[in-house]
Amino acid sequence: MSHFNICAATRPYNPYNPYNREPDNSHNRDRVLDRVMVEKVDFAYFSQPDRQSLLMDINQLLLWIVCTSCVLNIIVGIRRASISDSAVYIRSWMLVSGLVLATTGVLYVLTPENAGWIGGGLWGLLILMPILGFRLMNQLAYQERFGAASRLGKLLCWLHPAQNWRQFAELLDTLEQLKQGSTTEATAIINRDKTTNRPLVRHTIATLYKMEARWQELREWIETSVSQTALENDPRLILYYLRALGEMGDLNRVLAQLDQFERILEHSDRGINQSQAYLFAFAFCGQKAQVVQLLTGPLAFYPNYIRQFWLATADWAAGDVEEARQQLLAISNRHTGLYRHAIEARLSQSPVNPDAVLTQYSQQILARLTLNLQHQVRYGSRERFLGSRAYTTWGIIGLNLIVFGLEIHFGGSENPQVLYKLGALVPEEVLDGAWWRLLTSTFLHFGFLHLLMNMLGLYILGPFVEYALSGWRYLLLYLSSGVGSMLVVSLATHFGYSEAQFVVGASGSVMGIVGATAAILLQGWRREKSRLASRRLRFILFIIAFQVIFDLSIPQVSFTGHTSGLIIGFFVGLLLYHK
């Protein structure tokens, strides 16, 4: 939400300005309109300094992002550097963050007007791109597209000093060769490095055992050659161990080990490792409904044949043997490289009946995992909420884009005359009866950057709230937060608590979504004691604190509008949310 504090009385009279004319005192409405138009034309007249001011605001925003991100990376790195297996990798991120932070600090001393732009560029190149690239590389590896993941890893090595990435790329090359049927090099790696404790070598050995379905050997190797400390510090190795136990039918031990290591898995790789462990437990215990929830939620990125494999595994364990057999054979015929051995091993054994072997303690663990999965679906699974089913969010974004197109068509999104004619908020006019401006102003934006930031926030935060509230409640929340925040700004200006004279933007609505998110997570923490809701609530509170500090430091940002939208969204969210 942007506002402009422009006082017409301080502007010089310009006889060449067609809007800067003496008002007709017999018509109050025309007098108000003329005075507002003087302000708008004078703003356009001084457009070059204002654009320079906008560039400085972007520079300051980038400084905030760079400094906050780098400091948090260093703090988190200090806390986690004690993990021996990850110490080198974590220190590499601390080194890069420190370098970007120090460079930005020096630039701020030498050329403060450019420090944010240059520092932001370094941050994007050396921190943001490697993080996103590494996540994509992991996702490709989960999908068993090892060749593509390896090529991406080799490119990322040029942007980040971590030696682990180069080693990981070499590992992926080896796995791709095995996927294509070349076992000579794989066997050599096992025989040569079987006793080593390097994490990447352990992953290679475990993956090779998995690909050849040598589950007994994998289990014995982990139990005899990997220390408990190394296992606790290596979430992926925990997954290999759980998979081996499940494939061998030791369901009670699967659940007991998952119960022991769940906190470690929960805090690694954005919870994906925890979701994979849940997939193993539910599939081997024949809980198909829970498997479907995982494969349509946090694990929806799995390719189709992997999803079919685990659905068939759940059918197999649930007793629908013939149907599962047909599905497994179909997968084996289409994907002989990766799953042929696992499917052959599965079909060569009789299914274990979970109802007959699970102890009461294991059944209690399984029930708790089911409850945790419901919390994950309700309060987490960010990838799921960014999907195409957020129709109301997409509709709102589309409407904002249409209105922005109208701004450009009628003379430009940074032209105050155009914004005024299309319905920008002018507090005095609102209180004189132009109440429609409370609504129209929430769909107007001053420039593309203003639009981009609000729509990005709506895209990221909106689907979660839409999923929790349903479409019409979510739309009611969005409109009430936007209109309500504009009304608060108008009243605050009228009573002298704000100087905003001209306000546009959807920020009040977006901040209302932030407030509603906090309300939903608070309900989950209080009513259901959800750890996930509690953790995400702390993150939302951090975002709110950061936003408050940012608003107070940027005079062109409406602190009153943002804060009122946040508060309105919180209480409306409390009223509308029903679990």
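Scroll up for the structure.
Residues numbered from 1 in each chain as written. Predicted model: local features only at pLDDT ≥ 70, side-chain atom pairs only at ≥ 80, totals over all residues. Heavy atoms only, no water.

Trainee: It is not clear to me how the overall build of the protein should be interpreted in this structure. Could you clarify?
Mentor: Regarding its fold elements, the protein presents 29 helices and two strands. Looking at the protein as a whole, 51% of its 579 residues are labelled buried. Considering only intrachain contacts with a sequence separation of at least 6, the fraction spanning at least 24 residues in the protein is 72%. (Helix = DSSP H or I, 4+ residues; strand = E, 2+ residues; numbered from the N terminus. Buried < 20%, exposed > 50% of the residue type's maximum accessible area, 1.4 Å probe, protein only. Contact = heavy atoms within 4.5 Å.)

Trainee: Looking at this structure, how should I read the packing of aromatic side chains?
Mentor: Remark: the centre distance and the inter-plane angle together describe each pair of aromatic rings, the angle taken between the planes. According to the stated counting rule, one finds ten aromatic pairs in the structure shown. For the ring pair Phe443 and Tyr478, a centre distance of 6.4 Å and an interplane angle of 50° mean the geometry is tilted. With Phe443 in the loop between α24 (437–440) and α25 (448–469) and Tyr478 in helix α26 (residues 471–494), this residue pair connects regions lying 35 residues apart in the sequence. Given a relative accessible area of 0%, Tyr478 falls into the buried group. Between Phe570 and Phe571, the aromatic rings sit 5.3 Å apart at their centres with planes inclined by 85°, giving edge-to-face as the arrangement. An aromatic cluster is defined as three or more aromatic residues linked by ring pairs; in this entry it consists of Phe280, Phe284, Phe309 and Trp310. Sitting above the plane of the Tyr420 ring, Arg437 keeps its charged end 4.3 Å from the centroid. Above the ring of Phe464, the side-chain terminus of Arg536 is found at 4.8 Å from the ring centroid. (Phe/Tyr/Trp six-rings, centres within 6.5 Å; stacked < 30°, edge-to-face > 60°. Lys NZ or Arg CZ within 6 Å of the ring centre and 35° of its normal.)

Trainee: Is there a simple way to think about the pattern of salt bridges in this case?
Mentor: Any two side chains of opposite charge can pair, so long as their charged atoms come close to each other. Inspection of every chain in the model, using the stated rule, returns 16 salt bridges. For Glu212, the salt bridge identified is with Arg214, shortest N-O distance 2.6 Å. Of the residues examined, Glu212 reaches a relative accessible area of 23% and is grouped as partly exposed. Note on Arg214: relative accessible area 27%, which makes it partly exposed. Connected through salt bridges with shared partners, the residues Arg219, Glu223, Asp250 and Arg253 form a single ionic network. (Salt bridge = Lys/Arg side-chain N within 4 Å of Asp/Glu carboxyl O.)

Trainee: Can you help me understand empty space enclosed by the protein in this one?
Mentor: Summary: where empty space remains is shown by rolling a probe the size of a single water molecule over the atoms. Scanning the model with the defined rule gives three cavities of 30 Å³ or more in all. The computed volume of the largest cavity comes to approximately 410 Å³. As for the largest cavity, its lining consists of 21 residues, and the residues nearest its centre are Ala141, Tyr142, Lys210, Tyr240 and Gln276. The set of elements that each furnish at least two residues to the lining of the largest cavity consists of α4 (112–142), α6 (163–179), α8 (199–211), α11 (235–247), α13 (272–284) and α15 (304–318). Among the residues making up the lining of the largest cavity, the classes are represented as 14 nonpolar, three polar and four charged. (1 Å grid on protein atoms, 1.4 Å probe; cavity = no way out; pocket = protein on both sides within 12 Å on 5 of 7 lines; lining within 4 Å. Points joined across faces, edges and corners; volume = space filled by probe spheres on them. Nonpolar A, V, L, I, M, F, W, Y, C, P; charged D, E, K, R; others polar.)

Trainee: Hey, could you run me through the side chain of Glu466 in this one?
Mentor: Within the secondary structure, Glu466 sits in helix α25. Glu466 sits in the buried class, given a relative accessible area of 9%. If we skip the residues at most four places from it in the chain, Glu466 touches Arg389, Ala390, Tyr391, Thr392, Thr393, Gly471 and Tyr474.

Trainee: What exactly am I supposed to notice about α11 here?
Mentor: For an α-helix, 3.6 residues make a turn, and residues three or four places apart therefore share a direction. Over its 13 residues, α11 extends 19 Å from the first C-alpha to the last, a length consistent with the 18 Å expected when each residue adds 1.5 Å. A large share of α11 lies buried, amounting to twelve of its 13 residues. Those residues of α11 lying buried are Pro235, Leu237, Ile238, Leu239, Tyr240, Tyr241, Leu242, Arg243, Ala244, Leu245, Gly246 and Glu247. (Expected span 1.5 Å × (residues − 1).)

Trainee: Whenever I open this one, the packing of helix α19 (residues 360–379) against helix α28 (residues 531–553) confuses me. Can you help?
Mentor: Between α19 and α28, the shortest axis-to-axis distance is 8 Å and the interhelical angle comes to 30°. Judged on the interaxial angle alone, α28 and α19 are roughly parallel. Note on element contacts: α28 touches α19 through Leu532, Ala533 and Arg536, opposite His375, Gln376 and Tyr379. Here the contact of α19 with α28 is built from residues that sort into three nonpolar, two polar and one charged. (Axes fitted to C-alpha atoms, helices over the stretch in contact; angles between N-to-C directions. Parallel < 35°, antiparallel > 145°, perpendicular 65-115°, else oblique.)

Trainee: Can you help me understand the environment of Leu541 in this one?
Mentor: Tracing the chain through its elements places Leu541 in helix α28. Here the alpha-carbon distance between Leu541 and Val514, two residues 27 residues apart in the chain, equals 9.4 Å.

Trainee: Is there a simple way to think about the environment of Met248 in this case?
Mentor: Inspection of the secondary structure assignment puts Met248 in the loop between α11 and α12 (251–266). When its relative accessible area of 32% is taken as the criterion, Met248 is described as partly exposed. Along the backbone, Met248 and Gln349 are 101 residues apart, and their C-alpha atoms lie at a distance of 9.5 Å. Ignoring anything within four residues of it in the chain, the contact list for Met248 reads Trp215, Gln216 and Arg219.

Trainee: Which parts of the structure should I look at to understand unusual backbone geometry?
Mentor: Glycine aside, residues mostly have negative phi angles, and peptide bonds mostly take the trans form. Notably, Ala213 is not glycine yet its phi reads approximately 55°, a positive angle. Checked against the element boundaries, Ala213 lands in the loop between α8 and α9 (215–225). In this structure, Ser470 is a non-glycine residue whose phi angle is positive, near 85°. By secondary structure assignment, the location of Ser470 is in the loop between α25 and α26. What makes Ser470 partly exposed here is its relative accessible area of 28%.

Trainee: Help me out: how do you make sense of the nonpolar core in this one?
Mentor: Side chains that are nonpolar tend, in soluble globular proteins, to be buried together. Within the largest apolar cluster, 64 residues are counted, with the highest numbers of intra-cluster contacts made by Leu218, Trp221 and Trp310. No other element matches α13, which puts nine residues into this core. (Core = buried A, V, L, I, M, F, W, Y, C linked by side-chain atoms within 4.5 Å.)

Trainee: I keep staring at the packing of α4 against helix α5 (residues 146–156) and nothing clicks. Help me out?
Mentor: The interhelical angle for the contact between α4 and α5, taken along N-to-C directions, is 160°, at an axis separation of 8 Å. Comparing the axis directions of α4 and α5 gives the class roughly antiparallel. Two packed elements cross with a definite hand, and for α4 against α5 that hand is left-handed. On α5, the residues touching Met129, Pro130, Gly133, Phe134, Leu136, Met137, Leu140 and Ala141 of α4 are Phe146, Ala148, Ala149, Leu152, Gly153 and Leu156. Its residues assigned to classes, the contact of α4 with α5 comprises twelve nonpolar, two polar and no charged. (Left-handed = near helix turned anticlockwise from the far one by under 90°.)

Trainee: Would you explain a nonpolar patch on the surface in this entry?
Mentor: Nonpolar side chains collect at one region of the surface, where Val71, Leu72, Ile75, Phe539 and Phe542 lie side by side and expose about 430 Å² of accessible area between them. For the nonpolar patch, the elements supplying multiple residues, two or more each, are α2 (47–80) and α28. Looking at the nonpolar patch, the element that brings in the most residues is α2, giving three residues. If you trace the backbone, Phe539 turns up in helix α28. (Patch = residues over 30% accessible without salt bridge, like charges linked within 9 Å, V, L, I, M, F, W, Y side chains within 5 Å. Areas by Shrake-Rupley, 256 points an atom, 1.4 Å probe, with all protein chains shown as cover.)

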